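Observations on the model geometry
So the chains spell out like this:
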Amino acid sequence: MNRSIRKVAVIGSGVMGSRIACHFAGIGVQVLLLDIVPAQLTDKEEAKGLTLTDKVVRNRIVNDDLQATLKSKPSAVYTKSVAALITTGNIDDDLPKISDCDWIVEVVIERLDIKQQLFEKVEQYRKPGTLITTNTSGIPIHLMTEGRSEDFRRHFCGSHFFNPPRYLRLLEIIPGPDTKQEVLDFLMDYGSRFLGKTTVLCKDTPAFIANRVGVFGFMAVFKTMQSLGLTIDEVDSLTGPVMGRPKSATFRTGDVIGLDTLVHVAKNLPPNVPNDEAKEIFELPDFVETMIANKWLGDKTGQGFYKKTKVPGDMPGAAPVTQILTLNPETMEYAPKVRAKFATIDSAKQVDSLPKRLRVLCKGTDKAGEFYRQFHYLLFAYSSNRIPEIADELYKIDDALKAGFGWEIGAFESWDALGVKEVAEQMTTAGIKYASWVQEMLDSGITSFYKTENGVRKYYDIPSKSYKAIPGAGSFIFPEQLDDKIVWSNSACKLRDIGDGVVCLSWDTKMNTIGGEVLDAVQKSVAIAEKSYKGLVIANSGANFSAGANVGLIFMYAVEQEYDELDMAIRMFQGATMRMRYSSVPVVVAPHGLTLGGGCEMCLHADAVQAAAESYIGLVEVGVGLIPGGGGTKEMALRASDRNIKEDIEVNYLQQLFINVGTAKVSTSAHEAYDNFILRKGYDSISINPDRRIADAKRKVLSLWESGYTQPAPRTDIKVQGRGGLGGLMSGIHGMWRGNYISDYDKHIAEKLAWVMCGGDLSQATMVTEQYLLDIEREAFLSLCGQKKTLERLQSIIQTGKPLRN
């Protein structure tokens, strides 16, 4: 069946429902969002003389929920404009409208009786063949469709989104006993391709996969924490980014999720899984029971494991500042956060590779090392013993944990990193029992759960006792899995053949910053692609595409007043970006995550950009006392020139580009990057699923090549505004300075930026070349490098990661 999704009905507009509606709207789907009719008027409604029959009252719940979601931070939408695709209503009046929807998603309260009553009403208006799914986090799917028609049951299953759905990529698909295979296949593909999800097909078992193992992980942390006498601050320092987990670590994550949600799953699991060998782990610590009784549930109640409070500022008359307090589980009192200190953490932070870092953590000889060993033993045993109960394939557990809880590395991947055989022996010595199939695997001579062959990632399949390719992997390209396809490399970069005549350049530096080796690699990669391939993709793995140029190198040259070296470095950067621009084969950049400064400049000079939806792109150099020097300032002037509009509006467009660069504005999504004139409609595209972006970029390269790609000619027709544009920009800068919105030095930087974007001190609007703009861009950049305040800002970035305002 050729099924398409044009309109979705979301029934239930609470925190989860409204965010699911926003996510569908974000990919361009029309949404009907419904909720119940209020039972009584508010005081404000009574004062206005409204009644329960007025539409504004009847839709109050759904409208308030949606507005709260649209105002939430981090934003639930890629751009605010998508809200126009969402129509609101109430179940009593508007349920018949679901008849023209292609997919109906139920997101009401977690009570089986209420869900069953709703489905009875839905069936009256749902057209045959329409998808109908529930967002339940644990109610058995097979109980929900009792009394429903065969068509309803055949098109019904679970679709468990994780909150917030824009950022947490897991979508668990849970079939009912009668669900058609075609429905499951469609949802698995649609979720991945259009919603950007890691779709995991689950069994209809309590809490499914992610919550079953993920909540066990929380409880295992509680147990290990108590056995070692660790504090909340210490545990969160151990369970954050250093071990490949989100910055919110364990207890901050608990506050965000809500302690009641966590406890609900932990309490409901043991009676529903009587044969679970680790039931005692789910027993709540006394301090958690006390928190529940006190309604210390986290962010939703104002306090949980942490609490924010206001304290007086440092100076007399200063505004109060926020202080974060941490709960002491022994006294149940809050106290200021205490920075944890462990030798194992200090050693591990020097290791960039997460698998290697895990080995350092688990070999630690202090209390931190013991924590990591105990926690991982419990996690590995529990995960292995859940097969085949909750999943037949081990990769599903890893996928669910990574996509649902933001882990960088799954349970079985972690075990691989630490050494399966070695850790299994340690667990046996510690008296922790892992699944028998693991020992059978080791006895057969197989010592890892995953391996990569010919660029194909495979997992150990337990029934067949052999490796099998992970299904759907053909839709994804992960450069780090193609080390047998390396065409060229240096110490930081690798150029790999990704098939069909396309090569991919990636690099591995701290935050993927750009230094001399990367710039050399760009030049070399373009040359190799021109000689032997159809085109080039530039893309990285890890959390970010690139945090920009190596500011440490710039600082070193500037401090030592090595201006010739600085000039050469800037020329190298400009040369690399212009080499991309004027290649004889198409060059496509595929950014994701932070794409700042020099990373953004690479995007600006590509033939096309294939950005992950969660790309945060911007020219941020002004924040460190500089202007974009790798062709970025030039490119803003060029794009202003290419804007085919009237003369007076052309200056306004230049001003908007100037403001974006001058305020170091960063797009909060790839979609917003269109509005900020970084991405170009008609040229650049977005991959909602970040795992698909490199494969999508490859297809874009091939499309450009097959359509007869021709090397562009250097531009000599860039219209700059000269003094006419400069006057307007300088006036705005002066106003910001007089209003104390910017410092004296901010004003100086902004004037340099304006000077370049307007083409310098030209008496009138003039046609200039790209090289002319690159030269004055480089001149302005160099002049700022010699300023004391720029050096102070660069030093602040290097030492603290934050720009100094001076």
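See above for the structure.
Let me sum up the structure you'll find in this document. (Residues numbered from 1 in each chain as written. Predicted model: local features only at pLDDT ≥ 70, side-chain atom pairs only at ≥ 80, totals over all residues. Heavy atoms only, no water.)

Below, the discussion takes up the packing of aromatic side chains. For the structure shown, the criterion picks out 33 aromatic pairs. With 6.2 Å between their ring centres and 5° between their planes, phenylalanine 371 and phenylalanine 375 make a pair best called stacked. With phenylalanine 371 and phenylalanine 375 both in helix α16 (residues 367-385) and four residues apart, this pair spans about one turn of that helix. By the burial criterion, phenylalanine 371 is buried, and phenylalanine 375 matches it. Feature note: the residues Phe380, Phe412, Trp415, Tyr434, Trp437, Phe449, Tyr460 and Tyr467 constitute an aromatic cluster, connected by ring pairs. The side chain of lysine 681 reaches across the aromatic face of tyrosine 674, ending 5.9 Å from its centre. (Phe/Tyr/Trp six-rings, centres within 6.5 Å; stacked < 30°, edge-to-face > 60°. Helix = DSSP H or I, 4+ residues; strand = E, 2+ residues; numbered from the N terminus. Buried < 20%, exposed > 50% of the residue type's maximum accessible area, 1.4 Å probe, protein only. Lys NZ or Arg CZ within 6 Å of the ring centre and 35° of its normal.)

Before going further, it helps to examine the packing of helix α17 (residues 394-405) against helix α18 (residues 411-418). The interhelical angle for the contact between α17 and α18, taken along N-to-C directions, is 105°, at an axis separation of 7 Å. In this view, α17 runs roughly perpendicular relative to α18, as classed from their interaxial angle. Contacts from Leu394, Ile397, Asp398, Leu401 and Lys402 in α17 reach Ala411, Phe412 and Glu413 in α18. (Axes fitted to C-alpha atoms, helices over the stretch in contact; angles between N-to-C directions. Parallel < 35°, antiparallel > 145°, perpendicular 65-115°, else oblique. Contact = heavy atoms within 4.5 Å.)

Turning our eyes to something else, we now look at helix α30 (residues 744-757). Between its first and last C-alpha atoms α30 spans 20 Å; for 14 residues at 1.5 Å apiece the expected length is 20 Å, and the two agree. Within α30 the residues assigned to the buried category are Tyr745, Asp746, Lys747, Ile749, Ala750, Leu753, Ala754, Val756 and Met757. (Expected span 1.5 Å × (residues − 1).)

Within the fold, glutamate 413 resides in helix α18. Judged by its relative accessible area of 11%, glutamate 413 is buried. Engagement of the side chain of glutamate 413 in a polar contact is seen with the side chain of lysine 402, the distance being 2.9 Å. Setting aside residues up to four positions removed in sequence, glutamate 413 forms contacts with Asp398, Lys402, Tyr450 and Arg457. (Polar contact = N/O pair within 3.5 Å; in protein donor to acceptor, adjacent residues only side chain to side chain.)

Its boundaries defined by the atoms lining it, the second largest pocket holds a volume of some 700 Å³. Taken together, 25 residues make up the lining of the second largest pocket; nearest its centre are Glu635, Arg639, Asp642, Arg680 and Tyr683. Within the residue set of the lining of the second largest pocket, elements represented by two or more residues are α25 (632-642) and α28 (693-706). For the lining of the second largest pocket, the element with the most residues is α25, which contributes four residues. Of the residues in the lining of the second largest pocket, the class split is 14 nonpolar, one polar and 10 charged. (1 Å grid on protein atoms, 1.4 Å probe; cavity = no way out; pocket = protein on both sides within 12 Å on 5 of 7 lines; lining within 4 Å. Points joined across faces, edges and corners; volume = space filled by probe spheres on them. Nonpolar A, V, L, I, M, F, W, Y, C, P; charged D, E, K, R; others polar.)

Pairing is mixed across the open sheet formed by eight strands, whose spatial order is β3-β2-β1-β4-β5-β6-β7-β8. With one partner strand each, in any of the chains shown, β3 (86-90) and β8 (198-201) form the two edges of the open sheet. On average, adjacent strands in this sheet sit at an angle of 25° to one another, irrespective of strand direction. Here strand β2 (residues 30-35) runs beside β3; their pairing, made up of five bridges, is parallel. Note that in β3 the partner of leucine 34 across the bridge is glycine 89. (Pairing = 2+ DSSP bridges.)

Across all of its chains, the model carries 52 salt bridges by this definition. The shortest N-O distance in the salt bridge between glutamate 393 and lysine 396 comes to 3.1 Å. Judged on exposure class, the residue glutamate 393 and its partner lysine 396 are both buried. Through salt bridges that share partners, Arg212, Asp276, Glu277, Arg386 and Glu389 make up one connected network. (Salt bridge = Lys/Arg side-chain N within 4 Å of Asp/Glu carboxyl O.)

Taking strand neighbours across the sheet as the criterion, the three strands line up as β9-β10-β11 in an open arrangement whose pairing is antiparallel. One side of each edge strand has no neighbouring strand; the edge strands of this open sheet are β9 (306-311) and β11 (333-336). If you compare each strand with its neighbour and ignore which way they point, the axes differ by 45° on average. With six bridges connecting them, β9 and strand β10 (residues 321-328) associate as antiparallel partners. By the bridge assignment, valine 311 is partnered in β10 with valine 321.

To continue, consider the nonpolar core. By size, the foremost hydrophobic cluster in this structure holds 120 residues, and its most contacted members are Tyr372, Trp415, Trp437 and Phe449. In terms of residues, this core owes the most to one element, helix α9 (residues 210-228), which gives 11 residues. Leave out the neighbours within four places in its chain, and phenylalanine 449 touches Leu394, Phe412, Trp415, Asp416, Val420, Trp437, Val438, Met441, Lys458, Tyr459, Tyr460 and Tyr467. Counting 82 residues, the second-largest nonpolar core is a separate cluster that includes Val522, Phe545, Ala606 and Val609. (Core = buried A, V, L, I, M, F, W, Y, C linked by side-chain atoms within 4.5 Å.)

This next bit is on the packing of helix α15 (residues 354-362) against α18. The N-to-C vectors of α15 and α18 enclose an angle of 70°; their axes lie 8 Å apart at closest approach. Here α15 is positioned roughly perpendicular relative to α18, judged by the angle of their axes. Residues Pro355, Leu358, Arg359 and Cys362 of α15 form the contact with α18, whose participating residues are Ser414, Ala417 and Leu418. Across the contact of α15 with α18, the residue classes break down as five nonpolar, one polar and one charged.

On the surface, a cluster of negative charge is contributed by Glu560, Glu562, Asp564 and Glu565. Secondary-structure assignment places glutamate 560 in the loop between α22 (551-559) and α23 (563-581). (Patch = residues over 30% accessible without salt bridge, like charges linked within 9 Å, V, L, I, M, F, W, Y side chains within 5 Å. Areas by Shrake-Rupley, 256 points an atom, 1.4 Å probe, with all protein chains shown as cover. Lys, Arg positive; Asp, Glu negative; His and termini not counted. Charge placed at Lys NZ, Arg CZ, Asp CG, Glu CD.)

In short, the description is geometric, and any link to function would need to be established separately.
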